[in-house]
Each structure stands twice: as structure tokens, then as C-alpha cells.
Amino acid sequence: MWAMDYDEWALELTTRWMARDLECLSRVSSTSQRLRQRLQTENVPLGAAVIADEQTAGRGRLGRGWQSPAKMGLYTSFLLYPGDRLSGLLSLVAAVALSQAIEAETGLAPKLKWPNDVLLGGKKCTGILVESSSNWAIIGIGVNVGESLPPALTNATTLSRQLGAPVHRPRLWAQLAGFLEQWYERWLTDGSRPVLQAWRERSATIGHSVEILHPDGRPLLTGRAVDVGDDGALLVECNNGTVRRVLAGEVSLRFEGRGYAPPSGDASS
Ligand code: ATP
């Protein structure tokens, strides 16, 4: 591992505490793994962050991978100490902060697919993985920024493709750190309502027919997504009228009859 230009990133920051402890790496297995490693050997301050130009083993939810080619994306993780607050909601906190950072830096209008996919043009441009223990939580974020993408990723897009112009990674990252700091503090002081409201306003999920799948692809239930609960669970009204609470931990969501893409109009505006 060797350092990339720390100043290029740190000088963009406007936060009070988020990412003020910052490690910039050219190559790492995963930025979250790096924070976990630090936690084993030292006291790591609230908001500590890692960014890397490339991840060799980027991870998504449910044991899946996150492809992280060199210099094509933003790969970053942040350390938080949310105590016994519901960490399921942190995924939604991160999705709201990330979509606002994209809005602020590019003018694009991302939409959110439950629980935490950020979509542009109906395609996925970011991955969020929240890992937690009894006393810490790490938010890992990957954003496709540059033009190119591994061709196998048919449901994916990038910010530069959607914008038709390059996107400045350090500024995007600094916006993200800023919105994360704001939303994290707001969540601690005002509870889950404001962040859930911000999530609903960007939702490409609520009101649509969805299929909830087991990690192996088996269908678990179908119905209409009607809302998110205080803990970030999706509320799905099944065909017999019962409303089921679906926790993000072990499932994926598809739009019934449409697969990954949300109904048009909710792709992004
Ligand atoms: P899904 O996106 O299928 O609903 P998920 O939310 O569980 O599932 P994530 O953890 O967000 O998935 O991301 C992992 C998935 O994203 C992988 O299974 C892979 O299909 C896809 N993926 C991997 N790398 C990228 C990338 N750079 N851009 C877009 N998608 C990717």
C-alpha cells in the first residue's frame, strides 16, 4: 500500500469531525477492512475515514463483491459509534447522504431503491455496505464515477456517463462526508423521522410492485411496497392485504415484471 495525494482530498473537507482522521491509500483489499484492522490495534476516532484509488476485494451486501477498478470510482469508508441505536437505519442514512452529495456535485437527481441502492437512469451507480459490532459501525461506500465499467455489470451506470462530463472525486467525497456528518447528527438528535422522510422523497420503491428475494434468488414474497418503518424495514402489502415487514439484512429487491429497473419516471429525474 502507498499513499495517494492526501491534500487533494483533505483540502476539500468542510466537516467538523467526519473524516478529520483520514487515510488515503492507492490500493487496499477494502476500505472497510482497513478500518476494521485499525480497530483491532488502536483507538480509532469517531468519523475516521479511509479512501482508496482501487480495492482488490471490495464487498457488497450478502457476501457479494463490489468491482472497484483503479481510479474509476470513489471507494471510501467511515467509522461511527452509534451505540445501541438501530444500525439498520444507518444504511438509509448513508443512502440519503450519498444521493444528496451526488445531487450537490453533479446536479443529477438520483433515486433510491430499498434498502440503499442509488440509481441513475434506473441503473445502479453506488454500493453501500454497513457493518456493525456492539460498539462500532462502518459505512463502506463505492461509487462508479469514471466512464468505464466492467462489461458484465449490465444493471450498472456511472456518474460521468449520466452527466456526460467528468466528475471530481475529491469534491464528491467531501460532499459525502459533509452530508453524512449532518445526517448522522440529525439522526442522533431528532431520531429517525427526518432521515426517513428524506429517503421517501427520493424513493423509487414506495408505491411499486416488488418481489423480495432470498440471497440465492428464490422468491420470498411479492406485493406493493407501501412504506419504510422506523427501523428501515420495508413494509410490503401482500395480495391478501396483510402488510409484511422486510428487514434488509438477508434479502434483495426486484421490481415485479421489470427486474432491476424501476418503473419509468422513477429512474431518475
Ligand atoms: P442488488 O444490487 O442486486 O439489489 P444488493 O443491494 O444486495 O443487490 P450491493 O451490496 O449493493 O447489492 O452490491 C453488490 C452487487 O452489485 C453485486 O452482486 C454485483 O451484481 C453488483 N456490482 C458489483 N460491482 C458493481 C459496480 N462497480 N457497479 C454496479 N454494480 C456492481
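Calculation rules
Residues numbered from 1 in each chain as written. Predicted model: local features only at pLDDT ≥ 70, side-chain atom pairs only at ≥ 80, totals over all residues. Heavy atoms only, no water. Pairing = 2+ DSSP bridges. Helix = DSSP H or I, 4+ residues; strand = E, 2+ residues; numbered from the N terminus. Axes fitted to C-alpha atoms, helices over the stretch in contact; angles between N-to-C directions. Contact = heavy atoms within 4.5 Å. Parallel < 35°, antiparallel > 145°, perpendicular 65-115°, else oblique. Left-handed = near helix turned anticlockwise from the far one by under 90°. Nonpolar A, V, L, I, M, F, W, Y, C, P; charged D, E, K, R; others polar. Near = heavy atom within 4 Å. Polar contact = N/O pair within 3.5 Å; in protein donor to acceptor, adjacent residues only side chain to side chain. Areas by Shrake-Rupley, 256 points an atom, 1.4 Å probe, with all protein chains shown as cover. Core = buried A, V, L, I, M, F, W, Y, C linked by side-chain atoms within 4.5 Å. Buried < 20%, exposed > 50% of the residue type's maximum accessible area, 1.4 Å probe, protein only. Domains from an automatic or database assignment. Buried area = accessible area lost by both parts, 1.4 Å probe. Salt bridge = Lys/Arg side-chain N within 4 Å of Asp/Glu carboxyl O.

### Some remarks on the sheet that holds strand 1 (residues 22–28)
- As summarised here, the arrangement of the five strands in space is 1-2-3-8-7, forming an open sheet in which the pairing is mixed. Strands with a single pairing partner mark the edges of an open sheet, and in this sheet they are strand 1 and strand 7 (126–132). With strand direction ignored, the average angle separating the axes of adjacent strands in the sheet is 15 degrees.
- Bridge count between strand 1 and strand 2 (residues 49–55): six bridges; the pairing is parallel. By the bridge assignment, Leu22 is partnered in strand 2 with Ala49.
- The sheet contacts of helix 2 (residues 31–41) involve strand 1, strand 2, strand 3 (73–80), strand 7 and strand 8 (137–144), and relative to strand 3 the element is tilted by about 30 degrees.
- On the sheet, helix 3 (residues 88–106) packs against strand 3, strand 7 and strand 8 and is oriented at approximately 145 degrees with respect to strand 7.

### Some details on the environment of Ala19
- Structurally, the position occupied by Ala19 is in the loop between helix 1 (6–10) and strand 1.
- Ala19 sits 187 residues away from Ile206 along the chain, and the two C-alpha atoms are 33 Å apart.

### Notes on the packing of helix 3 against helix 6 (residues 193–201)
- Where helix 3 contacts helix 6, the axes come no closer than 9 Å and their chain directions differ by 55 degrees. Relative to helix 6, helix 3 is oriented oblique. As for how helix 3 packs across helix 6, the hand of that crossing is left-handed. Packed against helix 3, whose contacting residues are Leu89, Leu92, Val93, Ala95 and Val96, the element helix 6 presents Val195, Leu196, Ala198 and Trp199 at the interface.
- Residue composition of the contact of helix 3 with helix 6, grouped by class: nine nonpolar, no polar and no charged.

### As for the site of the ligand
- The environment of the ligand is made up of 16 residues, and the closest members are Arg61, Lys113, Lys124, Asn144 and Arg254.
- Take Tyr260: an N or O atom from its side chain is 3.3 Å from an oxygen atom of the ligand.
- Calculation on the ligand without its partners gives an accessible area of 630 Å², and the protein chains cover 87% of this total.
- Looking at the shell around the ligand residue by residue, the class counts come to five nonpolar, five polar and six charged.

### Things to note about the nonpolar core
- Phe78, Trp173, Ile212 and Leu234 are the most contacted members of the largest nonpolar core, which has 65 residues in total.
- Counting residues per element, this core draws most heavily on helix 3, at 11 residues.
- Of the residues that make up this core, three or more belong to each of domain 1 (6–201) and domain 2 (209–256).
- Counting residues in each nonpolar core, the second largest holds 10 residues, with Val28, Val44, Val50 and Leu79 among its members.

### Some words on the packing of helix 3 against helix 5 (residues 169–190)
- Running from N to C, helix 3 and helix 5 point in directions that differ by 140 degrees, and their axes come no closer than 8 Å. Overall, the two elements helix 3 and helix 5 adopt an arrangement that is oblique. The way helix 3 lies across helix 5 gives a crossing that is right-handed. Of the residues in helix 5, those touching helix 3 at Leu89, Leu90, Val93, Ala94, Val96, Ala97, Leu98, Gln100, Ala101, Ile102, Ala104 and Glu105 are Arg171, Leu172, Gln175, Leu176, Phe179, Leu180, Trp183, Tyr184 and Trp187.
- Here the residues of the contact of helix 3 with helix 5 sort into 17 nonpolar, two polar and two charged.

### Quick word on the sheet that holds strand 5 (residues 117–120)
- One open sheet holds the three strands; their spatial order is 4-5-6, and the pairing between them is antiparallel. Each edge of the sheet is formed by a strand with only one pairing partner; in this case those strands are strand 4 (111–113) and strand 6 (123–124).
- Strand direction decides the pairing type here: strand 4 and strand 5, joined by three bridges, are antiparallel. The residue of strand 5 that forms the bridge with Lys113 is Asp117.

### A word on the domain arrangement of the protein
- Per the domain assignment, the segments of the protein are domain 1 (6–201) and domain 2 (209–256).
- Each side of the interface is counted separately: domain 1 has 14 residues, and domain 2 has 19 residues.
- Looking at the side of domain 1 facing domain 2, the largest losses of area belong to Leu62, Lys113 and Trp114, adding up to 47% of the total buried there.
- At the surface where domain 1 touches domain 2, the tally comes to one salt bridge.
- Across the pair Arg200 and Asp227 runs a salt bridge whose closest N-O atoms are separated by 2.6 Å.
- Counting across the interface, domain 1 meets domain 2 through eight residue pairs in polar contact (both at pLDDT 80 or more).
- Elements with a contribution of two residues or more to the side of domain 1 that touches domain 2: helix 3 and helix 6.
- Here the residues of the side of domain 1 that touches domain 2 sort into eight nonpolar, two polar and four charged.

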